[in-house]
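# Inside the fold
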Amino acid sequence: MSETFSPATYRSMANAVRALAMDAVERAASGHPGMPMGMADVATVLFSRHLKFDSEHPEWPDRDRFVLSAGHGSMLLYALLHLTGYTDFPLEQLKRFRQLGSRTAGHPEYGHGQGIETTTGPLGQGLANAVGMALAERMLNARFGDDLVSHRTWVIAGDGCMMEGISHEAASLAGHLRLGQLTVLLDDNGISIDGPTSLAMSDDYPARFAALGWHTQSVDGHDVEAVDQALAAVADDPRPSLICCRTTIGLGAPTKAGTAGAHGAPLGADEISGAREALDWPHAPFEIPGDVAGWWQAVGGRGREERAAWEARHAAAGDRAHALSDALAGELPETLETAAARLVDEFSEAAPKWATRKASQEVLNELAQVIPDLVGGSADLTGSNNTRASTQEPVTPGNYAGRYLYWGVRELGMAACMNGMALHGGLIPYGGTFLVFSDYARSAIRLAALMGVRVIHVATHDSIGLGEDGPTHQPVEHLAALRAIPNLLVLRPADAVETAECWQLALEHVDGPSVIALTRQGVPTVRTTTGPDCTARRGGYVLRDAPAAQAVLIASGSEVAVALGAADLLAGDGIAARVVSLPSWQLFGAQDEAYREHVLGGDTLRVGIEAGTRFGWTRWLGADGEFVGMTGFGASAPGADLFRHFGITADAVAERVRARLGRG
């Protein structure tokens, strides 16, 4: 323990956290006071003795990362940030806890204030984010060295995090990769909203994590000496560490401590009065005595010298320092534009009949050479997703110099860890799985969109075109479901040319995640020219025009070729049909109305063609438009047979147009 602070001082510092938590929740008439009150001792020791940070420079790249995975206990984090001097969290913000426009949201939200490393609330996600952060730290350390990158990641998690399956996925990966810079502090209070956790589980947490390759300890979470010793011990073990901290939820509350009553509701005036007496905290709501405030301010500055020393090393590191700064800033090299344009030209000229997943790999082979920060992976589908570039070596336990991750069958863990990597900074992660399995990853994709972080999801086998694996693997509703997520850029290229453009668009989408939906089956090259209004960058564009068009055929992905075939058939009947490629609804929706109306043909008959459900298509087709696609699940058969069986063919589209125009 530090000689500066006596045990009594630590108690007072922890009680300041408890008081702020119960006062803020009470004023808001909403919130979770119990976890902050129970974990205040652990957090006080962590921040005052072990966490490397400088509150005056919260963006210091080599700071330790602290993640509150048990995000419902957000007042623990807000109290700590306020007490240690983060300027984004003055006392007024704590008084406005859970109010519109405040930085102190009900659950921590990335971007609301400095010191919030990630958005948490959906339990277990923060733990998985932290695994990604710890992994990013090791990978950057391997590239830039100990003098520039050497920090730890600390997590406070709860029983609910342990219950969620994502904790197993993430912890298994961390143990396998031996991420020794990661420590999880479990608030082992034995209480959930419904009551004792024994109602639903009886896991032996240390045994479970030991089996996953973790170093484990168990301590009394209110014994500051024991907590300090446990935190110190993690540095001596090469494995990730779990410290089970046995605590009392709502410590100090006279009747609700140790019960579900302290979990998710204000304590009430009488209970708070009793807690103040029990904790020997006679101060008014939100009042922090000067000596306690001074102790906490000293904690906020304890990393100042270390930060200054790092800045001196960084200043002397020359090209390494510049490269690290560029990586952390997320800058894309100028050579990306040239490389992407060259690929578009090559694909346009060669006109390959590739599956777009194959085209994607060809693009990645180029991108991996010009973007050193690009890190790939797949959830045990590398050979199917085609996500490993030819120059990418794998990351393995103890060897973090590679740029490719074998995530195993852990789609949700992969997505959440990639969020953590992006949040840490310095890497641009992408990962692959089948589009249908985006359901597994959806909650993490949604959080990436909410946070506005650049993560790229390669989603192959994007329709019934995948064939014989059948309806369990054939996505029909997934494009609609993903398009419904705000700030998620969904891209479905029609051919190799659009695939190259879509990769560039995903990389340039720095303020949110992207999904690139790709085919299993080969598709023809449908575009051989490029121009300002003939590019995936517009989201939708006229691929083939027709004078005095009587119908506009609008399609995405592999169905663009179907639309072109239908237009040819209709032309033979004297019916002019425009073909529109619509690789991204989001980008097309961002164009001005005049452009959109021009592309869609005004009042002309519109026909949407996509091997998915119609949901959402009315926006582009209008109430009177036609749709050729799926109305239910797929079936097991060769892909070409399925397109014929479900009527997603050029003949079927042409027949629908003829019928509507009275030419059938």
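Located above this text is the structure these notes cover.
First, a word on what this report is: a plain description of the structure on this page. (Residues numbered from 1 in each chain as written. Predicted model: local features only at pLDDT ≥ 70, side-chain atom pairs only at ≥ 80, totals over all residues. Heavy atoms only, no water.)

## A closer look at the overall build of the protein
For the protein, the count of helices and strands is 26 helices and 18 strands. Radius of gyration (C-alpha) of the protein: 28 Å, near the 26 Å computed for a compact globule of 664 residues. Projected onto its principal axes, the C-alpha positions of the protein cover 90 × 55 × 45 Å. Burial statistics for the protein: of 664 residues in total, 61% are counted as buried. If you sum the accessible surface of the protein, you get close to 23,600 Å²; carbon and sulfur atoms cover 49% of it. (Helix = DSSP H or I, 4+ residues; strand = E, 2+ residues; numbered from the N terminus. Rg over C-alpha atoms; globule rule 2.2 N^0.38 Å. Buried < 20%, exposed > 50% of the residue type's maximum accessible area, 1.4 Å probe, protein only. Areas by Shrake-Rupley, 256 points an atom, 1.4 Å probe, with all protein chains shown as cover.)

## Regarding the sheet that holds strand β1 (residues 65-68)
Strand order in the open sheet formed by 5 strands is β1-β2-β3-β7-β6, and the pairing between neighbours is parallel. Two strands bound the open sheet, and with one partner strand each, they are β1 and β6 (215-220). Across the sheet, the mean angle separating the axes of adjacent strands is 15° when strand polarity is ignored. Note: strand β3 (residues 182-188) against strand β7 (residues 241-246), 6 bridges, orientation parallel. Bridged to V184 within β7 is L242. Contacting β1, β2 (153-158), β3 and β7, helix α2 (residues 34-50) runs over the sheet at an angle of about 155° to β3. (Pairing = 2+ DSSP bridges. Axes fitted to C-alpha atoms, helices over the stretch in contact; angles between N-to-C directions. Contact = heavy atoms within 4.5 Å.)

## Description of the pattern of salt bridges
Under the criterion given, the structure shown has 36 salt bridges. The salt bridge involving E311 is made with R307; its shortest N-O contact spans 3.1 Å. Of this pair, E311 and R307 both sit in helix α12 (residues 304-315), 4 residues apart, which is roughly one turn of the helix. Of the charged contacts, one joins D573 and R658 as a salt bridge, the two residues approaching to 2.5 Å between their closest N and O atoms. In this pair, D573 sits in the loop between α21 (559-572) and β16 (577-581) while R658 sits in helix α26 (residues 650-660), placing the two residues 85 residues apart along the sequence. Looking at D573, the relative accessible area reads 34%, which means it is partly exposed. Classification of R658 by relative accessible area gives buried; the value is 18%. (Salt bridge = Lys/Arg side-chain N within 4 Å of Asp/Glu carboxyl O.)

## Let's talk about the packing of aromatic side chains
Taken as a whole and judged by the stated rule, the model has 17 aromatic pairs. Ring centres of F588 and W620 lie 5.2 Å apart, and the angle between their planes is 65°; this geometry places the pair in the edge-to-face category. Residue F588 is found in helix α22 (residues 585-589), and its partner W620 is found in helix α24 (residues 618-621); the two are separated by 32 residues along the sequence. Classification of F588 as buried rests on a relative accessible area of 0%. On the basis of relative accessibility, which here comes to 2%, the residue W620 falls in the buried class. Among the aromatic residues, those joined into a ring-pair cluster are W585, F588, Y595, W617, W620 and F627. Positioned over the ring face of W154 is R152, at 5.6 Å from the centre of the ring. (Phe/Tyr/Trp six-rings, centres within 6.5 Å; stacked < 30°, edge-to-face > 60°. Lys NZ or Arg CZ within 6 Å of the ring centre and 35° of its normal.)

## So, helix α15 (residues 356-370)
An ideal rise of 1.5 Å per residue puts 21 Å on 15 residues; α15 measures up with 21 Å between its terminal C-alpha atoms. Regarding α15, the residues found buried are T356, R357, A359, S360, V363, L364, N365, L367 and A368. Lining the buried residues of α15 we find α14 (335-350), β8 (374-378), α16 (382-385), β10 (428-434), β11 (456-460) and α20 (496-508). (Expected span 1.5 Å × (residues − 1).)

## With respect to the side chain of H151
Tracing the backbone shows H151 in the loop between α5 (125-144) and β2. With relative accessibility at 2%, the residue H151 sits in the buried group. Among the polar contacts made by the side chain of H151, one reaches the side chain of H424 at a distance of 2.8 Å. Every residue in contact with H151, bar those within four places of it in the chain, is listed here: K52, P61, D62, R63, D64, R65, E137, Q181 and H424. (Polar contact = N/O pair within 3.5 Å; in protein donor to acceptor, adjacent residues only side chain to side chain.)

## Quick look at the packing of helix α1 (residues 7-28) against helix α11 (residues 290-300)
For the pair α1 and α11, the least separation of the axes is 10 Å and the interaxial angle reads 90°. What the angle tells us is that α1 and α11 run roughly perpendicular. Contact with α1, carried on its side by T9, S12, M13, A16 and V17, involves V292, W295, W296 and V299 of α11 and no other residues of that element. In terms of residue class, the contact of α1 with α11 is built from 7 nonpolar, 2 polar and no charged. (Parallel < 35°, antiparallel > 145°, perpendicular 65-115°, else oblique. Nonpolar A, V, L, I, M, F, W, Y, C, P; charged D, E, K, R; others polar.)

## Observations regarding the side chain of H50
Inspection of the secondary structure puts H50 in helix α2. Classification of H50 by relative accessible area gives buried; the value is 18%. Separated by 2.8 Å, the side chains of H50 and D228 make a polar contact. Setting aside residues no more than four positions away along its own chain, H50 makes contact with V45, D64, W154, D228, L231, A232 and R302.

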